Amino acid sequence: MPLPNDARLHALIPAAGSGERMGGSLPKQYLTLAGSTVAEQTLSRLLSFAPLSQFVVVTAEADLWWPQLDIAHDQRILSVVGGATRAQSVLNGLAALKASLKESAAEQDWVLVHDMARPCVRLTDIEKLIAECGPEGAILAAPITDTVKRAVNERILATVPRQQLWRALTPQLFPLKALHDALQSALAAEADITDEASAMERVGLQPKLVLGHTDNIKITLSTDLPLAAFYLQQQQREAH
Ligand code: CTP
Ligand code: MG
């Protein structure tokens, strides 16, 4: 494990998206899931994970729902306003996190970035991510199982060999300062960054892939919500 013994580990949870693909007026993180909301399910899991010290939740500027949740007022959570893209939201969160820590300590702190829209993440997978992390960071991921096609105008150009292809999941774990600098540089260059690892890759680093469970789905379409409810139930059954 590359995390030094005195390194602190923080969680940053981007939740400033509007859930366009889900549709509807209520952003997907506030939809009902297993008796509470997606956001509460995700956060209560992370809050129960002992190695995490500070939590940053990034929400949209006009988010009227977040302050209404009891969990938003947990003393360990710092609420920050996000930006137009996920990368900008994460950078805003990192900047606020850095400012809230003593500058000297921030140098050796690590941050775990996890989508608010992934409520089924297993704490055992987070433990595995930390245990297997390399010095350039690590992400949970899963090998692609479908056959993959490259196409233009819905006509197939080629079949892409999937042996080397993985789906990137979250959490993604990186040194706080390195991730902050990589994201800042990517945004300044207007690079297309869809996860934290791609910002690190862009500056020449090679984060590790750590095999995660595929029930760690990102709620994106309306069919994902009943699926997430099913996975949560199944995980509860496994635990007993
Ligand atoms: N996110 C964010 N800031 C943005 C965009 C996304 O913090 N400007 C967050 C989302 O709230 C979500 C996570 O990043 O928790 C993953 O993004 P995604 O699943 O794409 O969520 P949305 O952007 O809300 O959905 P859509 O792309 O369908 O609009
Ligand atoms: Mg999005």
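Okay, so let's go over this structure.

1. Some thoughts on the packing of aromatic side chains
Taken as a whole and assessed by the stated rule, the structure comprises 2 aromatic pairs. With centroids separated by 6.0 Å and ring planes inclined at 50 degrees, the aromatic side chains of phenylalanine 230 and tyrosine 231 adopt a geometry described as tilted. Owing to a relative accessible area of 39%, phenylalanine 230 belongs among the partly exposed residues under this scheme.

2. A word on the site of ligand 1
In the vicinity of ligand 1, 18 residues are found, and the nearest of them are Gly19, Glu20, Lys28, Ser89 and Lys218. In the model, an oxygen atom of ligand 1 is placed 2.8 Å from a nitrogen or oxygen of the glycine 19 main chain. Against a free-state accessible area of 560 Å², the protein chains account for coverage of 88% of ligand 1. Within the residue set of the shell around ligand 1, elements represented by two or more residues are β1 (9-15) and α2 (86-100). Its residues placed into classes, the shell around ligand 1 shows 6 nonpolar, 6 polar and 6 charged.

3. Some words on the side chain of glutamine 41
Mapping glutamine 41 onto the fold places it in helix α1 (residues 38-47). There is a polar contact of 3.0 Å between the side chain of glutamine 41 and the backbone oxygen of leucine 33. Sequence-distant contacts of glutamine 41, that is, excluding residues within four places in its chain, are made with Leu33, Ala34, Ser36, Pro119 and Leu232.

Criteria and cut-off values
Per chain, residue numbering runs from 1 following the sequence as it is written. As a convention, the first chain written is A and the first ligand written is 1, with the rest following in written order. Predicted model: local features are reported for residues with pLDDT of at least 70 only, side-chain atom pairs are reported and counted for 80 or more only, and whole-chain, interface and lining totals are derived from all residues. Excluding hydrogens and water, the side-chain figures rest on all heavy atoms present in the structure. Two aromatic rings from Phe, Tyr or Trp, using only the six-membered ring of Trp, form a pair when their centres are within 6.5 Å; if the ring planes differ by under 30 degrees the pair is stacked, by over 60 it is edge-to-face, and anything between is tilted. Partly exposed residues are those whose accessible area sits between 20% and 50% of the maximum for their type, while under 20% is buried and over 50% is exposed, using a 1.4 Å probe and protein chains only. By convention in these notes, a residue is near a molecule or strand provided one of its non-hydrogen atoms lies within 4 Å of it. Pairing of N or O atoms within 3.5 Å defines a polar contact, subject to two protein rules: one partner must be a possible hydrogen donor and the other a possible acceptor, and residues neighboring in sequence count only if both atoms are side-chain atoms. The Shrake-Rupley method, run with a 1.4 Å probe, gives the accessible areas here. Residue values count only the displayed protein chains as cover. Runs of E in the DSSP output that reach at least two residues are strands. Runs of H or I that reach at least four are helices, and both are numbered from the N terminus. Gly counts as polar in this scheme, as do all residues outside two lists: the nonpolar Ala, Val, Leu, Ile, Met, Phe, Trp, Tyr, Cys and Pro, and the charged Asp, Glu, Lys and Arg. The contact criterion used throughout is that any non-hydrogen atoms of two residues lie within 4.5 Å.

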